[in-house]
Amino acid sequence: MNMTATGSSQETIALFDKYVIPNYGRYPVSLVRGEGSHVWDAEGKRYLDLFPGWGCNILGYCPPKVVQRVQEQVSQLIHVPNTWYTEQQGKFAQWLSTKGFGQAFFCNSGAEAIEGAIKLARLHTTDNRYRIISFENSFHGRTMGAITATGQPKYHEGLGPLVAGFRYAPYNDLAAVEELMDDETCAILLEPIQGEGGVNIADESFLAGLRQLADDNNCLLIFDEVQTGMGRTGEWFAYQRYGIQPDVMTLAKGLAGGVACGAIMARPEVAQSLRPGTHASTFGGNAIAMAAGIATAETIEEENLLENCKAMSDRIKQHIEQLAAELPIIQDVRVCGMMIGIDLTTSATPAVSACMERGVLINATHDTVVRLLPAINITAEQVDEGWQVISDVFREMAEDQ
Ligand SMILES: *Cc1c(COP(=O)(O)O)cnc(C)c1O
């Protein structure tokens, strides 16, 4: 068996058909190589990717410093159990605390970070509270706790009984949360910007109100920043746009530049509730992920990528709003940093394949929303080139209406 040869897309698809569990819908293409915002398929076709790594590749494909540090780390030390100390884990925790707040627990994915945050909220209460308020159209991951927290019935089908104690409020509706709050509630959990739910941006007064409500009721405010964190919105973390701070924050996706890594950040007083024996993750905080995370953070800082993220955000927002004035199929534009939702009056799915044919990769979510999560180091030329293709596709879709 030749494990290194690069098969055609068709050959790879044949392997999947036979040997891989078919739980994903996949584009009929095998990807083999990436660099920055570009990725190549097995047939040598190049794509400009405006949704690289489903939001994980915050610096695009194979960011040089991440590649170099991972290569160095791999030959030094790959993994040691969490019964030992490693400098890399201490240093990455310091980075996250300095740019954000609190103390870190490391895991490997977003869902795992959410599970840990749910356990932390229940462990932290002193009076046996267990209820958690989350939101309609949220997305928190696929494990049983995380999927229960996810306020979308379509993801719950066939999985019952779900985890007890979750209730859902409409997003940006403070009165509805006040209504659900009771003395059994231990936490309010939400994305400061809903990603999967269609790029829905929280109002400032809503988040300030939730902060107050959590304080008044002695429960935790947990932000799921798995998608919004690590520079995605032009700040290190999205909460920093709002002038309030959550008690707990979950991170993953872009956290280590495309290497699997998740984290919980918690205020020190809250963090103390994860005592030895209460929670663990065997691979969590492994030296490779930590080296990749540090390299990602250093790259964002050294290359002023928060500034680039904001500038590219303004640029693409202008492009979109200009076209929206002309094309009524664009019914709403929601942009925060490199988190972009273009809400259409029609299904967004046909736009994905039409753009792909022309070499541009985008995503459709929540039926009608074209979602872009470009790398925060994308260039102005790449933004313009990508938008040219998307706008052509939108115009054609408008003609077909
Ligand atoms: C993707 C996502 C998750 C789940 O992350 P996984 O790594 O897929 O488990 C959780 N919360 C939010 C906001 C996400 O976008």
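The structure presented is a predicted model; accordingly, all values stated were derived computationally and were not measured. Numbers given for residues are sequential positions, taken from 1 along each chain in its written order. Reporting in this predicted model follows two pLDDT cut-offs: at least 70 for local features of residues, and 80 or more for side-chain atom pairs to be given and counted; totals over whole chains, interfaces and linings ignore these cut-offs and use all residues. For side-chain calculations, the full set of non-hydrogen atoms in the structure is used, while hydrogens and water are omitted.

**With respect to the overall build of the chain**
The helix count covers DSSP runs of H or I at least four residues long, the strand count covers runs of E at least two residues long, and both are numbered beginning at the N terminus. If you tally the helices and strands in the chain, you get 12 helices and 17 strands. All radius of gyration figures rest on C-alpha atoms, and the globule criterion is 2.2 Å times the number of residues raised to 0.38. Its C-alpha atoms give the chain a radius of gyration of 21 Å, near enough to 21 Å, the size a compact globule of 401 residues would have. Overall, the chain is about 60 × 55 × 45 Å in size when its C-alpha atoms are taken along their principal axes. Whether two residues are in contact is decided by their heavy atoms, any of which lying within 4.5 Å being enough. Residue pairs in contact within the chain that sit at least 24 positions apart in sequence constitute 72% of those at least 6 positions apart.

**Considerations on the pairing of strand β6 (residues 166–169)**
For a regular strand, side chains alternate in direction, first toward one face of the sheet and then toward the other. The sheet contact formed by strand β5 (residues 131–135) and β6 spans four bridges and is parallel. Following the sheet pairing, I132 is matched in β6 by F166. Convention used here: a crossover is right-handed provided that the path from the first strand, over the helix, to the second strand proceeds clockwise when the strands point away from the viewer. In this fold, β5 hands off to helix α5 (residues 144–149), which returns the chain to β6; that crossover is right-handed. Here, any two strands with at least 2 DSSP bridges between them count as paired.

**So, the site of the ligand**
Surrounding the ligand, one finds S109, G110, A111, F139, H140, G141, E191, D224, V226, Q227 and K253. Counted as a polar contact is a pair of N or O atoms within 3.5 Å, where, for protein atoms, one must be capable of donating a hydrogen and the other of accepting one, and residues adjacent in sequence contribute only when both atoms are in side chains. Within the backbone of F139, one N or O atom sits 3.3 Å away from a nitrogen atom of the ligand. D224 places a side-chain nitrogen or oxygen 2.7 Å from a nitrogen atom of the ligand. Protein chains bury 81% of the 380 Å² of accessible surface belonging to the ligand in isolation. Each residue is assigned to one of three groups, with Ala, Val, Leu, Ile, Met, Phe, Trp, Tyr, Cys and Pro labelled nonpolar, Asp, Glu, Lys and Arg labelled charged, and all others, Gly among them, labelled polar. Across the shell around the ligand, the residue classes break down as three nonpolar, five polar and three charged. Summary of the distance rule: residues count as near a molecule or strand when at least one heavy atom falls within 4 Å of that molecule or strand. Computed with a 1.4 Å probe, the accessible areas rest on the Shrake-Rupley method; for each residue, only the protein chains presented here act as cover.

**Focus: a nonpolar patch on the surface**
A surface patch of nonpolar side chains, amounting to about 390 Å² of accessible area, comprises L15, F16, Y19 and V20. Looking at where V20 falls in the secondary structure, it is placed in the loop between α1 (9–19) and β1 (31–35). Each patch groups residues whose relative accessible area exceeds 30% and which form no salt bridge, using 9 Å between like charges and 5 Å between nonpolar side chains of Val, Leu, Ile, Met, Phe, Trp and Tyr. The term salt bridge refers to a side-chain nitrogen of Lys or Arg lying within 4 Å of a carboxyl oxygen of Asp or Glu.

**Description of the packing of helix α2 (residues 64–76) against helix α9 (residues 287–302)**
Throughout, an axis means a line fitted to C-alpha atoms (over the contacting stretch in the case of helices), and angles, computed between N-to-C directions, take values from 0 to 180 degrees. Running from N to C, α2 and α9 point in directions that differ by 155 degrees, and their axes come no closer than 8 Å. Regarding the angle of α2 to α9, the classification is roughly antiparallel. Relative to α9, α2 is oriented so that their crossing is right-handed. Residues K65, V66, R69, V70, Q73 and V74 of α2 form the contact with α9, whose own contacting residues are A287, I288, A291, A292, I294, A295, T296, E298, T299 and E302. When an angle is under 35 degrees it counts as roughly parallel; over 145 it counts as roughly antiparallel; between 65 and 115 it counts as roughly perpendicular; any other value is oblique. In this scheme, a crossing is called left-handed if the near helix is turned counterclockwise away from the far one by less than a right angle; it is called right-handed if the turn is clockwise.

**Observations concerning the pattern of salt bridges**
Evaluation of the coordinates by the stated rule reveals 20 salt bridges. Across the pair D182 and R131 runs a salt bridge, and its minimum N-O distance is 3.6 Å. Placement of D182 in the loop between α6 (174–180) and β7 (185–190) and of R131 in strand β5 is noted, with a sequence separation of 51 residues between them. Where salt bridges share partners, they join R211, D215, D247, R267 and E269 into one cluster.

**What about the packing of aromatic side chains?**
Two aromatic rings, drawn from Phe, Tyr or Trp (for Trp, its six-membered ring), form a pair once their centres lie within 6.5 Å of each other, and the interplanar angle then sorts them: stacked below 30 degrees, edge-to-face above 60, tilted otherwise. Taken as a whole, this structure holds 10 aromatic pairs when the rule is applied. Seen from their ring centres, F51 and W54 are 4.9 Å apart, and the 70 degrees between their planes marks the pair as edge-to-face. Buried, partly exposed and exposed residues are distinguished by accessible area as a fraction of the type maximum, computed with a 1.4 Å probe on protein chains only: under 20%, between the cut-offs, and over 50%, respectively. With a relative accessible area of 6%, F51 lands in the buried category. Aromatic side chains F237 and Y239 sit 6.3 Å apart centroid to centroid with 5 degrees between the ring planes, which places their arrangement in the stacked category. An aromatic cluster is built from F101, F237 and Y239, whose rings are joined through pairwise contacts. Put simply, a charge is over a ring when the Lys NZ or the Arg CZ is close to the ring centre, within 6 Å, and near the line of the ring normal, within 35 degrees. Residue placement shows R33 over the ring face of W40; its charged tip is 3.9 Å from the ring centre.

**Structural notes on the environment of V360**
Within the fold, V360 resides in strand β15 (residues 360–361). Between the alpha carbons of V360 and E385 there is a distance of 9.1 Å; along the sequence they are 25 residues apart. Once you skip the residues sitting within four places of it in the chain, V360 turns out to touch L48, L50, C355, G386 and V389.

**Quick notes on the pairing of β1**
Two elements, β1 and strand β2 (residues 38–41), share four bridges in a ladder whose sense is antiparallel. When the bridges of β2 are listed, G34 appears paired with V39.

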